[in-house]
Amino acid sequence: MQVRDVLAHVTKLRRRVRNKARRFQATASDDIIGSLLERLEEHDRSMHGFQAELERNSPKAVLETWIQFPDTKPIENEISDLGRKAEADDAEQFIEKLLDLDQRLLSLYHTAAEQTHAPSVQEFFRKLVDMESQKARANSWNVAQTQDARHL
């Protein structure tokens, strides 16, 4: 796949996860979980903006570079299964699955960086990995705070 196709594909996967989170949020009766899901969605929006800016500021040659990209079918299947049996009692489990999917999507960028020998493409994906890692740490912190608040 070309780098631009990789980005479009991962963006599409993230959109599917975000839509699942929105549907779950609509059924969740827990205000704390709803608030957490809103923060997770906000992080995804900021990541999308960062990615779009990175694409705009990158040379065309980077975006048109062909790389070997791993099969995403297992992740796509997990996204499809996400929230199928969602009930309010499953809120923490749902959030844990969201965080796991977030980590798996992050690993796609990491794998893409490893699949090329072009320094400019490696740097492009490293920037995405760095931003995603920061987002993942913030999401994990938010989850920990939410779980603490729920158990008080």
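Residues numbered from 1 in each chain as written. Predicted model: local features only at pLDDT ≥ 70, side-chain atom pairs only at ≥ 80, totals over all residues. Heavy atoms only, no water.

Novice: So what exactly am I meant to see when it comes to the packing of helix α1 (residues 3–27) against helix α5 (residues 91–114) here?
Specialist: When two helices pack together, their arrangement is given by the angle between the helix axes and the distance between those axes. Here α1 crosses α5 at 175°, and the two axes come no closer than 11 Å. Between α1 and α5, the angle falls in the class roughly antiparallel. Of the residues in α5, those touching α1 at Leu-7, Val-10, Leu-13, Arg-14, Val-17, Lys-20, Ala-21 and Phe-24 are Ala-91, Phe-94, Leu-98, Leu-101, Asp-102, Leu-105, Leu-106, Leu-108 and Tyr-109. Class assignment of the residues belonging to the contact of α1 with α5 gives a composition of 14 nonpolar, no polar and three charged. (Axes fitted to C-alpha atoms, helices over the stretch in contact; angles between N-to-C directions. Helix = DSSP H or I, 4+ residues; strand = E, 2+ residues; numbered from the N terminus. Parallel < 35°, antiparallel > 145°, perpendicular 65-115°, else oblique. Contact = heavy atoms within 4.5 Å. Nonpolar A, V, L, I, M, F, W, Y, C, P; charged D, E, K, R; others polar.)

Novice: So what exactly am I meant to see when it comes to the side chain of Gln-51 here?
Specialist: Looking at the element boundaries, Gln-51 is found in helix α2 (residues 31–57). When its relative accessible area of 4% is taken as the criterion, Gln-51 is described as buried. Side-chain polar atoms of Gln-51 contact the side chain of Thr-11, separated by 3.0 Å. Residue contacts for Gln-51: discarding those within four places in its chain leaves Leu-7, Thr-11, Tyr-109 and Leu-128. (Buried < 20%, exposed > 50% of the residue type's maximum accessible area, 1.4 Å probe, protein only. Polar contact = N/O pair within 3.5 Å; in protein donor to acceptor, adjacent residues only side chain to side chain.)

Novice: Explain the packing of aromatic side chains here, please?
Specialist: In this description, an aromatic ring pair is defined by two values, namely the gap between the centres and the angle between the planes. Taken as a whole and judged by the stated rule, the model has three aromatic pairs. Measuring from centroid to centroid gives 4.0 Å for Phe-24 and Phe-94, while their planes differ by 5°, and the two rings are stacked. One end of the pair, Phe-24, is in helix α1; the other, Phe-94, is in helix α5, with 70 residues separating them in the sequence. Residues Phe-24 and Phe-94 agree in their burial class; the two are buried. Measuring from ring centre to ring centre gives 5.5 Å for Phe-124 and Phe-125, while their planes differ by 85°; the resulting arrangement is edge-to-face. (Phe/Tyr/Trp six-rings, centres within 6.5 Å; stacked < 30°, edge-to-face > 60°.)

Novice: Would you mind going over the packing of α1 against helix α4 (residues 73–81) with me for this structure?
Specialist: Where α1 contacts α4, the two axes come as close as 9 Å, and the packing angle between them is 20°. The angle between α1 and α4 places the two elements in the roughly parallel class. Crossing geometry of α1 relative to α4 is assigned as left-handed. Every residue of α4 that contacts α1 at His-9, Leu-13, Arg-16, Val-17 and Lys-20 is listed here: Glu-76, Ile-79 and Ser-80. Looking at the contact of α1 with α4 residue by residue, the class counts come to three nonpolar, two polar and three charged. (Left-handed = near helix turned anticlockwise from the far one by under 90°.)

Novice: Teacher, can you tell me more about the environment of Val-17 here?
Specialist: Relative to the helices and strands, Val-17 is located in helix α1. The class of Val-17 is buried, set by a relative accessible area of 8%. For the pair Val-17 and Leu-98, spaced 81 residues apart in the sequence, the C-alpha separation amounts to 7.5 Å. Excluding anything up to four places from it in sequence, Val-17 contacts Ile-79, Leu-98 and Leu-101.

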